[in-house]
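Below, each chain spelled out in residue letters.
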Amino acid sequence: MSVLVVEGSQWGDEGKGKITDYLGQYANVVVRSQGGNNAGHTITINGEKFALRSIPSGIFNPKIKNVMANGMVIDPKQMLEELDGLINRGIKEFKLFISNRAHIVLPYHKDLDGAYEDLKGNLKIGTTKRGIGPCYADKINRIGIRMGDFINEESFKKNLSEALLIKNKELEMLGLKQYSVDEIVSEYKEYAKRIKPYVCDTAELLEMEIEKGSNILFEGAQGAMLCIDHGTYPYVTSSSPIGASVPLNAGIAPKYITDVLGICKSYDTRVGEGPFPTEIDGKLANYIREKGHEYGTVTKRPRRVGWLDCVALNYARRVSGINHLSLMLFDVLGGLKEIKICYAYELDGKVTTSFPSTLDELYRVKPLYYTMPGFDEDISNATTFDELPENAKNYIRKIEELTKIKVSMISVGPDRCQTIMLEKLF
Ligand code: IMP
């Protein structure tokens, strides 16, 4: 039995979808435990691209059980559209289980997400405007609506009328449209009917799978630096995407987690606002952005690009328990004369390898780099570590030295077969 957490170790968009799909070949269960449709995983299967937002990546394999766990916030309307999109493209046989404790995203969450961002003006977070933050805020405020109540019309009406007592006041104050129970229920009861067959106690299901000795893959969304607790607050998402949050968000005991695989681009990217110490711009950033197709899956925004930041990566290792790395988009660095890698920051004249907690410090740090010779060879067909050019191997060794994490997988292209496996994870 293996319980493997696949976690983004940077600011999201590291290529978790591809690795989950790859490792999914050996998994019995694939679980999404946090976030919602703010995530966007692109998976290429036999040259065909699929974009997933809230549905786990094991959905393409009819043998895999796919779980949307209690820590998620699920937009019923969008989720059904996503599912219908898959069904229309021939994905008709699948196993899907949705937690009765997951929270649901309703229209007012999306309205409020947009309104908060507008009010923040220059200080906006750059959210995906999918209502994620307001939905999690309602969960914490104890006025959220959970899947188990959503699929029971009477409970849905009761919970919604209580929530709207507060939400309508907030909407009114912000000059936004207010909602009636009937208006929402008349539309959403149809979604509830369709979702109901998938709803169950997923924690119970996971315990049964663990007892059976199944291979379970937790598919992270976003990345460690977007963690509500450990990320670059307030420029973060509203949940915790790190390995440590998995037991809580899925209802399993921490002792069952066997490994945490950090997914890490061979450079860094970030979407939305917030500090990004190793950010680069100009021609070099454009080269990497175009070659790596660095545009948001969900919002299509161009991603900000930077050199690999091993101070941040080492911090992610520490707070998340990452013990393996999967190095992604390595082929993208091909053709660069030099590759830089950040090993420390300079802050107020002092060299530090600690990741600062305040925005003020994060905006002031100056990254310190090792400059390494690049490689010109096309590595997209490499299938073993030995086939890589010496300079590429040296870059990988440097990452291992600076982060104290073993590189166990290397991705040299979008397809499943363009994956170099250095260690067995399942
Ligand atoms: P929210 O999750 O929509 O509230 O957005 C908060 C921040 O997290 C924004 O900077 C988003 O761009 C970022 N974010 C949320 N989900 C993802 C993701 O899947 N990949 C990368 N960034 C994300």
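No experiment lies behind these values; they were computed from the predicted model shown. (Residues numbered from 1 in each chain as written. Predicted model: local features only at pLDDT ≥ 70, side-chain atom pairs only at ≥ 80, totals over all residues. Heavy atoms only, no water.)

Right, let's talk about the sheet that holds strand β14 (residues 304-306) for a bit. By way of backbone hydrogen bonds, the strands of a sheet pair with one another, either parallel or antiparallel. Pairing in this open sheet of three strands is antiparallel, and the strands run β12-β14-β13 from one edge to the other. A strand with exactly one partner marks an edge of an open sheet, and here the two such strands are β12 (268-270) and β13 (279-280). The pairing of β13 with β14 spans two bridges and is classified as antiparallel. Residue pairing for β14: Ile280 is matched across the bridge by Val305. Helix-sheet contacts for helix α10 (residues 282-291) involve β13 and β14, and the interaxial angle to β14 is about 110°. (Pairing = 2+ DSSP bridges. Helix = DSSP H or I, 4+ residues; strand = E, 2+ residues; numbered from the N terminus. Contact = heavy atoms within 4.5 Å. Axes fitted to C-alpha atoms, helices over the stretch in contact; angles between N-to-C directions.)

Inspection of the region around the ligand gives 16 residues, with Asp13, Asn38, Thr128, Thr237 and Arg301 positioned closest. Between the ligand and Thr128 there is a distance of 2.6 Å, counted from an oxygen atom to a side-chain nitrogen or oxygen. One of the side-chain N or O atoms of Arg301 is found 3.1 Å from an oxygen atom in the ligand. Considering the ligand on its own, with 470 Å² of exposed area, one finds that the protein chains cover 97% of that surface. When grouped by side-chain class, the residues that make up the shell around the ligand number six nonpolar, eight polar and two charged. (Near = heavy atom within 4 Å. Polar contact = N/O pair within 3.5 Å; in protein donor to acceptor, adjacent residues only side chain to side chain. Areas by Shrake-Rupley, 256 points an atom, 1.4 Å probe, with all protein chains shown as cover. Nonpolar A, V, L, I, M, F, W, Y, C, P; charged D, E, K, R; others polar.)

Taking 1.5 Å of rise per residue, the 14 residues of helix α3 (residues 107-120) would be expected to cover 20 Å, and the 20 Å separating its terminal C-alpha atoms lies within 8% of that figure. Buried within α3 we find Pro107, Tyr108, His109, Leu112, Asp113, Gly114, Ala115 and Glu117. Buried residues along α3 sit in contact with β8 (103-104), α4 (132-140), α6 (153-173) and α7 (181-195). Backbone geometry just downstream of α3 places Gly121 in the positive-phi region, at approximately 55°. (Expected span 1.5 Å × (residues − 1). Buried < 20%, exposed > 50% of the residue type's maximum accessible area, 1.4 Å probe, protein only.)

Quick look at the nonpolar core now. In this structure, Leu206, Phe218, Phe330, Leu388 and Tyr395 are the most contacted members of the largest nonpolar core, which totals 69 residues. The biggest single contributor to this core is helix α11 (residues 310-320), with seven residues. Both domain 1 (3-99 + 199-259) and domain 3 (263-421) contribute no fewer than three residues apiece to this core. When near neighbours in sequence (up to four residues on either side) are disregarded, Phe218 contacts Val3, Leu4, Val5, Val6, Val31, Ser33, Leu206, Val246, Ala250 and Ile252. Among the nonpolar cores identified, the runner-up in size contains 43 residues, and Met68, Leu96, Tyr108 and Phe150 belong to it. (Core = buried A, V, L, I, M, F, W, Y, C linked by side-chain atoms within 4.5 Å. Domains from an automatic or database assignment.)

Bridging between strand β3 (residues 41-45) and strand β4 (residues 48-52) involves five bridges; their strand directions are antiparallel. What sits directly across from His41, in β4, is Leu52. What sits between the antiparallel neighbours β3 and β4 is a turn of two residues, in which Asn46 has the positive phi angle 45°.

Looking now at the domain arrangement of the protein chain. For the protein chain, the domain assignment lists domain 1 (3-99 + 199-259), domain 2 (104-195) and domain 3 (263-421). Contacts between the two partners involve 40 residues from domain 1, matched on the other side by 43 residues from domain 3. Approximately 3200 Å² of surface area, both sides summed, lies buried where domain 1 meets domain 3, with 57% of it carried by carbon and sulfur atoms. At the junction of domain 1 and domain 3, the tally comes to two salt bridges. Here Asp21 ties to Arg416 by a salt bridge, and the two come within 2.9 Å at their closest N and O atoms. Where domain 1 packs against domain 3, one counts 19 residue pairs in polar contact (both at pLDDT 80 or more). (Buried area = accessible area lost by both parts, 1.4 Å probe. Salt bridge = Lys/Arg side-chain N within 4 Å of Asp/Glu carboxyl O.)

In this section: unusual backbone geometry. Omega for the peptide link from Tyr233 to Pro234 comes to 5°, which places this bond in the cis form. Counting through the fold element by element, Pro234 comes out in the loop between β10 (216-219) and α9 (246-250). The phi torsion at Leu329 lies on the positive side, around 50°, for a residue other than glycine. Considering the arrangement of structural elements, one finds Leu329 in the loop between β16 (324-328) and β17 (338-347). The class for Leu329 is partly exposed, based on a relative accessible area of 22%. Backbone geometry places Lys404, a non-glycine residue, at a positive phi of 65°. One can find Lys404 in the loop between α13 (390-403) and β20 (406-411). Residue Lys404 is classed as exposed on the basis of its relative accessible area, which comes to 60%.

Turning to the packing of α6 against α7, a few remarks are in order. In the contact formed by α6 and α7, the axes pass within 10 Å of each other and the chain directions differ by 140°. Between α6 and α7, the angle falls in the class oblique. In this structure, α6 meets α7 at a crossing whose hand is right-handed. Within the contact between the two elements, α6 uses Glu153, Phe156, Lys157, Leu160, Ser161 and Leu164 and α7 uses Val181, Ile184, Val185, Tyr188 and Lys189. (Parallel < 35°, antiparallel > 145°, perpendicular 65-115°, else oblique. Left-handed = near helix turned anticlockwise from the far one by under 90°.)

With that settled, consider helix α1 (residues 16-24). Of all nine residues in α1, nine are buried, a share of seventy percent or more. When α1 is considered as a whole, its buried residues turn out to be Lys16, Gly17, Lys18, Ile19, Thr20, Asp21, Tyr22, Leu23 and Gly24.

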